[in-house]
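This is what each chain is made of:
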Amino acid sequence: DEQRLGGRFALGRRLTQDLSISAGVRMESVNIDNPRVNSSPELNGSLGSSNLFLGNVGLIRDTRDHPFLATTGSYLALTYNQAFGDYSYARGDIDYRRYRLMYERPDGSGRHTVSFGTKVGFSGSSTPIFENYFAGGFSTLRGYDFRGAAPSEGGVRVGGEFQWLNSLEYMFPLTADDMIKGVVFCDFGTVEESIELNSENFRVAPGFGFRIHMPAAGIGAPLAFDFAFPVSSADGDDEKIF
C-alpha cells in the first residue's frame, strides 16, 4: 500500500511563441506498508514513512498545431530534477515527438499523419522504488497492463532507473467530418534496473486503434481506444491487449 500527501508549486515563462521555461518544487510525505511478500530488498528498504522533495527545471519547445491531435510540428521537453530530504538523487528526462503530414484534402481536412515519439529517462542509484520508472498502459507501452512492463525482484514489480520508450504511429480519418480517426502503431522500448540495454527485456507491441473527437460535447481531448499485441516481452510482463 502506498499513501502520499503533498503538492507541487511551479512557475513558468514563455520566452518565444514556441519556447517556454519552468521551475518548481514537489513536496510529499510518502508511506509504504503492508507488503504482499517479504522477498524484495528494494521494497523492504522503502517501507515506512519518508519525506520526498524534488526541485525541477524544464525547457519546452512546442510547434505542434494541436495538443492532442497534432498533424504537423514537434514537441521537445527537457526536464531535470534534484531530490533532497530523505532521498538524494538526480533525474533527467527527454520527451520528443515529431509529426509529419502525409496527405490532406484541398480544404485542409482529412489529414493523414505519421508521428514518432521517444522518451528517455535516467534516475540516480538512490531512487526509491516509488519513484522508479514503470512502463505499461496508454502513453508508455500499449499492450501491457499499467506498470506491467518493468523489472521485478522477488516477485515484486520494482521498476528501474532507466527507460527508453518509443512509438511509431500512422493516423488517418475514418469519417468525412474527421470525428473518428483510425491509427496503426508500434510501441517498443524497455525499462532497465540501470543505464543499459538488454535484448531479453526489449518489448515490441504493434496494434491499431481509434480516436473519437467530440468538441461539440465539450470534450477537448479525443477518446482513445487501442488494441496492442506484444510480439516481444520480458519474463514476468503482464500483457493486456485493450
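Note that the structure is a prediction, hence the values are computed from the model and not measured.

### A word on the sheet that holds strand β9 (residues 162–173)
Whether parallel or antiparallel, the strands of a sheet pair through hydrogen bonds between backbone atoms. Reading across the sheet, the 10 strands line up as β1-β2-β3-β4-β5-β6-β9-β10-β11-β12 and stay open at both edges, with antiparallel pairing between neighbours. Only two strands of the sheet have a single neighbouring strand rather than two, namely β1 (2–14) and β12 (223–228). Here the average twist between neighbouring strands, direction ignored, is 15°. In this sheet, strand β11 (residues 203–212) lies alongside strand β10 (residues 180–192) in antiparallel orientation, the contact comprising 10 bridges. Bridging across to β11, F188 finds its partner in V204.

### Things to note about the pattern of salt bridges
According to the stated counting rule, one finds 17 salt bridges in the structure shown. In this structure, the salt-bridge partner of D65 is R111, at a minimum N-O distance of 3.2 Å. Residue D65 is found in the loop between β3 (48–62) and β4 (73–85), and its partner R111 is found in the loop between β5 (90–103) and β6 (112–123); the two are separated by 46 residues along the sequence. The class of R111 is partly exposed, set by a relative accessible area of 22%. Where R97 meets D95, a salt bridge forms, and the shortest distance between an N and an O atom there is 2.7 Å. Note on R97: relative accessible area 25%, which makes it partly exposed. Through salt bridges with shared partners, one network takes in E2, R4, R26, E28 and E131.

Reading the values: rules and limits
- Residues numbered from 1 in each chain as written.
- Predicted model: local features only at pLDDT ≥ 70, side-chain atom pairs only at ≥ 80, totals over all residues.
- Heavy atoms only, no water.
- Pairing = 2+ DSSP bridges.
- Helix = DSSP H or I, 4+ residues; strand = E, 2+ residues; numbered from the N terminus.
- Axes fitted to C-alpha atoms, helices over the stretch in contact; angles between N-to-C directions.
- Salt bridge = Lys/Arg side-chain N within 4 Å of Asp/Glu carboxyl O.
- Buried < 20%, exposed > 50% of the residue type's maximum accessible area, 1.4 Å probe, protein only.

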